[in-house]
Amino acid sequence: MPRLAKSKSLITLGSVGSAVLGDYINRVAFSADGTGLAACSASGQVSMWKVPSLQLIGDLRGHDQSALTLAWHPSRSELATGGQDGVVRLWGLDSVVERAVLPVAERGSWVEHLVWSADGHFLAASAGRILRIWSVDAASAPQLAAEVPAHKTTVSALSWMPNGGGVISSCYGGAWLWNVGTDKPVRPFPYDGALLSIAVNPSGEYLASGNLDGSVHLFRTENEQNWHMSGYPMKVTSVRFDHNGLNLFTASGPALVSWNMKKFEGTGGRLFKGHLGWIQEIACHPNRALVATVGEDGLLCIWELQTAKPILSQEVNKSGGLSSVDWSPQGIWLATGTNDGVVSLFSVEDIGGRA
């Protein structure tokens, strides 16, 4: 049974169903309208289901090595996947047919990051030190729109700026903002160290990075001002702004830390304790001040800002860890993936009180 912390908020987490892929789940994600759920695994298998019935739409087996990442189109029923074979594959949800194969790099370079622009016109993908951007529309074949010069080291993260403002890539030495059609960065964000994760707030005003040296760095995107938050016990593997950008959530080992972003310098660092193993992924609720985390301890936790302990902590995988989590766009479903290949769907109900 879920363990509820003392709080005025109440969450009921119901088990809707599960599916087995048989190998490590690298990513789970809902479609833009919330009616589809997809997962990719270390075996190369990609599966899609209807929500909430979990009726299988199809098993997509184009990747002959591990499928590492996936990303749904922001408005169409179209899925992009990438993996160790060095290519991006596009799939249609309705026909479950491979629409296109987009080479990113030579075989041996893994496609680890995929992001759609907010308007859905462009898809960016990285493999090793290479970043490529395609123009993708529903009626014609994708066209290569940009290939930026090789990064100094492997690209560690990608994020689009809001409102078509270009794509940001990171690696050792900082981050860079690129516009489609140019081979020079619009703006560098230098940092003396390795960036592991990045996030842009909804207004596009701030770029946050989680770093190998156990710190979080904030950059203003319109000027040279920045702010550094150090003192984490270990590397910061994940950073996420919440739905309105008022809070920044960061993960370092088993610790979840939030920063109030009403001021640029990120004030009031708050530590949340509940996980016994490393946090693997953070997912912010689409329209409420709630955040879900999953960890190597097999726990799914849901948090609100007012309590230091999770308002819900449930052991989803007793035999191993959890690897991925995602909220549906309406915030009524949660999906998780496990280290041993199980995808689970939960209903989230009776969210009230102070959240």
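The rules we used
Residues numbered from 1 in each chain as written. Predicted model: local features only at pLDDT ≥ 70, side-chain atom pairs only at ≥ 80, totals over all residues. Heavy atoms only, no water. Helix = DSSP H or I, 4+ residues; strand = E, 2+ residues; numbered from the N terminus. Buried < 20%, exposed > 50% of the residue type's maximum accessible area, 1.4 Å probe, protein only. Contact = heavy atoms within 4.5 Å. Pairing = 2+ DSSP bridges. Axes fitted to C-alpha atoms, helices over the stretch in contact; angles between N-to-C directions. Phe/Tyr/Trp six-rings, centres within 6.5 Å; stacked < 30°, edge-to-face > 60°. Polar contact = N/O pair within 3.5 Å; in protein donor to acceptor, adjacent residues only side chain to side chain.

1. Regarding the environment of Val 167
Phase 1 of the analysis: When you line up the elements, Val 167 lands in strand β15 (residues 167-178).
Phase 2 of the analysis: Residue Val 167 is classed as buried on the basis of its relative accessible area of 0%.
Phase 3 of the analysis: Between the C-alpha atom of Val 167 and that of Gly 34, which follows or precedes it by 133 residues, the distance is 25 Å.
Phase 4 of the analysis: If near-sequence neighbours (up to four positions away) are discounted, Val 167 is found in contact with Val 115, Ala 124, Leu 131, Ile 133, Ser 159, Trp 160, Trp 176, Leu 177 and Trp 178.

2. What about the sheet that holds strand β30 (residues 342-349)?
Phase 1 of the analysis: Pairing is antiparallel in the open sheet, where four strands are placed in the order β1-β30-β29-β28. What marks the edges here is a single partner per strand, and that holds for β1 (12-20) and β28 (322-327). In this sheet, neighbouring strand axes are inclined to one another by 20 degrees on average, regardless of whether the strands run parallel or antiparallel.
Phase 2 of the analysis: Where β1 and β30 come together, eight bridges link them in antiparallel fashion. Note that in β30 the partner of Ser 15 across the bridge is Phe 346.

3. Some remarks on the packing of aromatic side chains
Given two aromatic rings, their pairing is described by the distance between the two centres and the angle made by the two planes.
Phase 1 of the analysis: Tallying each qualifying case throughout the model produces four aromatic pairs.
Phase 2 of the analysis: The interplanar angle of 45 degrees and the centroid separation of 6.5 Å between the aromatic rings of Phe 249 and Phe 272 together place this pair among those described as tilted. Taken together, the residues Phe 249 in strand β21 (residues 247-252) and Phe 272 in strand β23 (residues 267-272) connect sequence positions 23 residues apart. When sorted by exposure, Phe 249 lands in the same class as Phe 272, which is buried.
Phase 3 of the analysis: Under the relative-accessibility criterion, Phe 272 is labelled buried at 1%.
Phase 4 of the analysis: Grouped by ring-pair contacts, the aromatic residues Phe 249, Phe 272 and Trp 303 constitute a single cluster.

4. A short note on the pairing of strand β19 (residues 226-229)
Phase 1 of the analysis: Strand direction decides the pairing type here: strand β18 (residues 215-220) and β19, joined by four bridges, are antiparallel. By the bridge assignment, Leu 218 is partnered in β19 with Trp 227.

5. Concerning the sheet that holds strand β3 (residues 36-41)
Within a sheet, each strand pairs with its neighbour through backbone hydrogen bonds, oriented either parallel or antiparallel.
Phase 1 of the analysis: One open sheet accounts for four strands, arranged β2-β3-β4-β5; its pairing is antiparallel. This sheet does not close on itself; its edge strands, each paired only once, are β2 (25-30) and β5 (56-60). Strand-to-strand twist of the sheet, defined as the mean angle between neighbouring strand axes without regard to direction, takes the value 15 degrees.
Phase 2 of the analysis: Examined bridge by bridge, β3 and strand β4 (residues 46-50) share five bridges and lie antiparallel to one another. Paired with Gly 36 across the two strands is Lys 50, which belongs to β4.

6. Quick look at the side chain of His 73
Phase 1 of the analysis: Considering the arrangement of structural elements, one finds His 73 in the loop between β6 (67-72) and β7 (78-83).
Phase 2 of the analysis: His 73 sits in the buried class, given a relative accessible area of 1%.
Phase 3 of the analysis: At 3.0 Å, the side chain of His 73 and the backbone oxygen of Gly 120 are in polar contact.
Phase 4 of the analysis: When neighbours within four sequence positions are excluded, His 73 is seen to be in contact with Ala 32, Glu 78, Trp 116 and Gly 120.

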